[in-house]
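Here's the letter readout for the chains.
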Amino acid sequence: MLDIKILDGGFSTQLSTHVGAKIDGDPLWTARFLATNPNAVYATHLDFLRAGADIIETNTYQASISGLMEHLSITKDESINLLYEAVNLAKKAVNDYIKEVAENNDIENKKPLIAGSCGPYGASLHDGSEYNGAYGKTTSREVMMQWHKSRINTFVDAGIELLALETIPCYQEAEVLVELLKHYPNVKAWLSFSCERNSQNIVDGSNFEKVATNCYKMALPGQIIAIGVNCIAPKDVSPLLKNINKYRENEFIPLIAYPNSGEIYFSTEGWLKDDSCTSFESFIPEWLDLGVRYIGGCCRMYAENIRSIRKEVNSYQRKAAMK
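Okay, so let's go over this structure. Remember, it's a predicted structure, so these values are computed and weren't measured experimentally. (Residues numbered from 1 in each chain as written. Predicted model: local features only at pLDDT ≥ 70, side-chain atom pairs only at ≥ 80, totals over all residues. Heavy atoms only, no water.)

**Observations regarding the overall build of the protein**
- On a plain count of helices and strands, the protein comes out with 11 helices and 10 strands.
- Relative to a compact globule of 323 residues, whose C-alpha radius of gyration would be 20 Å, the protein shows 18 Å and is just as compact.
- The 323 residues of the protein split such that 57% are buried.
- Positive and negative side-chain charges of the protein, numbering 32 and 40 respectively, have mean locations separated by a distance of 4 Å. (Helix = DSSP H or I, 4+ residues; strand = E, 2+ residues; numbered from the N terminus. Rg over C-alpha atoms; globule rule 2.2 N^0.38 Å. Buried < 20%, exposed > 50% of the residue type's maximum accessible area, 1.4 Å probe, protein only. Lys, Arg positive; Asp, Glu negative; His and termini not counted. Charge placed at Lys NZ, Arg CZ, Asp CG, Glu CD.)

Shown next as structure tokens:
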């Protein structure tokens, strides 16, 4: 049977069911709740575990040591401690969940993993550049490397062995991250990109397939567990991934996909439904055929959506086993 891992969903989306405060638009996004409402962060992790997630991500997508210092008016040591707290909250949720399901033989995700969420450097600039990757041409690789390194150092010290290098919008930053990973040979990661709609490119205009496969080959053997995409509409996933494994007879590259719901975000109106969008679940068999081995959701994907993904993946595996 194929080894397919189910990821969690949109952290801010599920967190919104536990808090009444505004989330979108905050310079720290959900990371602010590490300081203001850690119980809600813990509860959100637990929601996804109970929905069937094999891997949950720390609540650190838009958290960095410098960003926490600036926007919470705290010291460097306090910022580092808050990143530790993000890891500890995820660990507590996993440990409590394992105890909760210990006697239930029907549970499939009895040994969940934790991935340290590492969003792009551009998210810290608060100028929208994470949506176009323009900073890749103007920011030195050393600056990007040091910015990511401070967060990854903390994760590794806290016991994290898997990183989610996600929503990367430019090839320069992707290459920086692959080089940085080599400093941590015992740590594994997946690398997912922010891509243009209805296109073969990541948002900086570079060809997705070329950049993603080059990064996979640049890494230490086995260090990158998957390459792929996140936070794009489900309908845009297959066109980006379809050729990566098509002509590789002797080299299979594991793929990862965790799109958003297909709704479209407008800064003035928020998320608006796209009535032309086909249901998320209908795409799953096609993605698995293409080589997706890690699958979950991003923005506007609740715990209930992860439960539906798990159900569809199980159905696919049963059918595959019968062939």
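**A short note on the environment of Asn37**
- Here Asn37 shows up in the loop between helix H2 (33–36) and helix H3 (38–50).
- When its relative accessible area of 25% is taken as the criterion, Asn37 is described as partly exposed.
- Once the C-alpha coordinates of Asn37 and Lys323 are considered, the two residues, 286 residues apart in sequence, prove to be 49 Å apart.

**Points about the packing of aromatic side chains**
- Under the defined criterion, the tally for this structure stands at seven aromatic pairs.
- For the ring pair Phe193 and Phe208, a centre distance of 5.8 Å and an interplane angle of 80° mean the geometry is edge-to-face. Placement of Phe193 in strand E5 (residues 188–193) and of Phe208 in helix H8 (residues 208–218) is noted, with a sequence separation of 15 residues between them. Judged on exposure class, the residue Phe193 and its partner Phe208 are both buried.
- Ring geometry for Phe280 against Trp287: centres 5.3 Å apart, planes inclined by 90°, an arrangement best described as edge-to-face. Across this residue pair, the class does not change: Phe280 and Trp287 are buried.
- Among the aromatic residues, those joined into a ring-pair cluster are Tyr121, Tyr135 and Trp147. (Phe/Tyr/Trp six-rings, centres within 6.5 Å; stacked < 30°, edge-to-face > 60°.)

**Looking at a positive patch on the surface**
- On the surface, Lys311, Arg318, Lys319 and Lys323 cluster together into a patch of positive charge.
- Summarising the element assignment, Arg318 is placed in helix H11 (residues 303–322). (Patch = residues over 30% accessible without salt bridge, like charges linked within 9 Å, V, L, I, M, F, W, Y side chains within 5 Å. Areas by Shrake-Rupley, 256 points an atom, 1.4 Å probe, with all protein chains shown as cover. Salt bridge = Lys/Arg side-chain N within 4 Å of Asp/Glu carboxyl O.)

**Let's talk about the packing of helix H4 (residues 65–72) against helix H5 (residues 76–100)**
- Put simply, H4 and H5 touch, their axes get as near as 8 Å, and they point 115° apart. In terms of axis orientation, H4 runs roughly perpendicular to H5. Pair H4 / H5 crosses with right-handed handedness. Side by side, H4 and H5 meet where Ile65, Leu68, Met69 and Leu72 of the first sit next to Lys76, Ser79, Ile80, Leu82 and Leu83 of the second. (Axes fitted to C-alpha atoms, helices over the stretch in contact; angles between N-to-C directions. Parallel < 35°, antiparallel > 145°, perpendicular 65-115°, else oblique. Left-handed = near helix turned anticlockwise from the far one by under 90°. Contact = heavy atoms within 4.5 Å.)

**A look at H8**
- Three or more residues of H8 are buried, namely Phe208, Val211, Ala212, Thr213, Cys215 and Tyr216.
- Here the buried face of H8 lies against helix H7 (171–181), E5, strand E6 (224–230) and helix H9 (237–241).
- Its side-chain oxygen 3.2 Å from the backbone nitrogen of Glu209, Asn207 forms the N-cap of H8. (Polar contact = N/O pair within 3.5 Å; in protein donor to acceptor, adjacent residues only side chain to side chain.)

**Some words on the pattern of salt bridges**
- For the structure shown, the criterion picks out nine salt bridges.
- Here Arg50 makes a salt bridge to Glu100, at a shortest N to O gap of 2.7 Å. Of this pair, Arg50 sits in helix H3 while Glu100 sits in helix H5, and the two are 50 residues apart along the sequence.
- In this structure Glu100 comes out as partly exposed when scored by relative accessible area, which is 44%.
- Between Glu108 and Arg310 there is a salt bridge; the shortest N-O distance is 3.5 Å.

**Comments concerning the sheet that holds strand E7 (residues 255–258)**
- Taking strand neighbours across the sheet as the criterion, the eight strands line up as E1-E10-E7-E6-E5-E4-E3-E2 in an open arrangement whose pairing is parallel. Lying at the two open borders of the sheet, with one neighbouring strand each, are strand E1 (5–6) and strand E2 (55–57). (Pairing = 2+ DSSP bridges.)

**Let's talk about the pairing of strand E10 (residues 292–295)**
- Here E1 runs beside E10; their pairing, made up of two bridges, is parallel. When the sheet's bridge partners are listed, Lys5 is paired in E10 with Tyr294.
- With three bridges joining them, E7 and E10 adopt parallel strand pairing. In the strand pairing of E10, Leu255 is matched with Val292.

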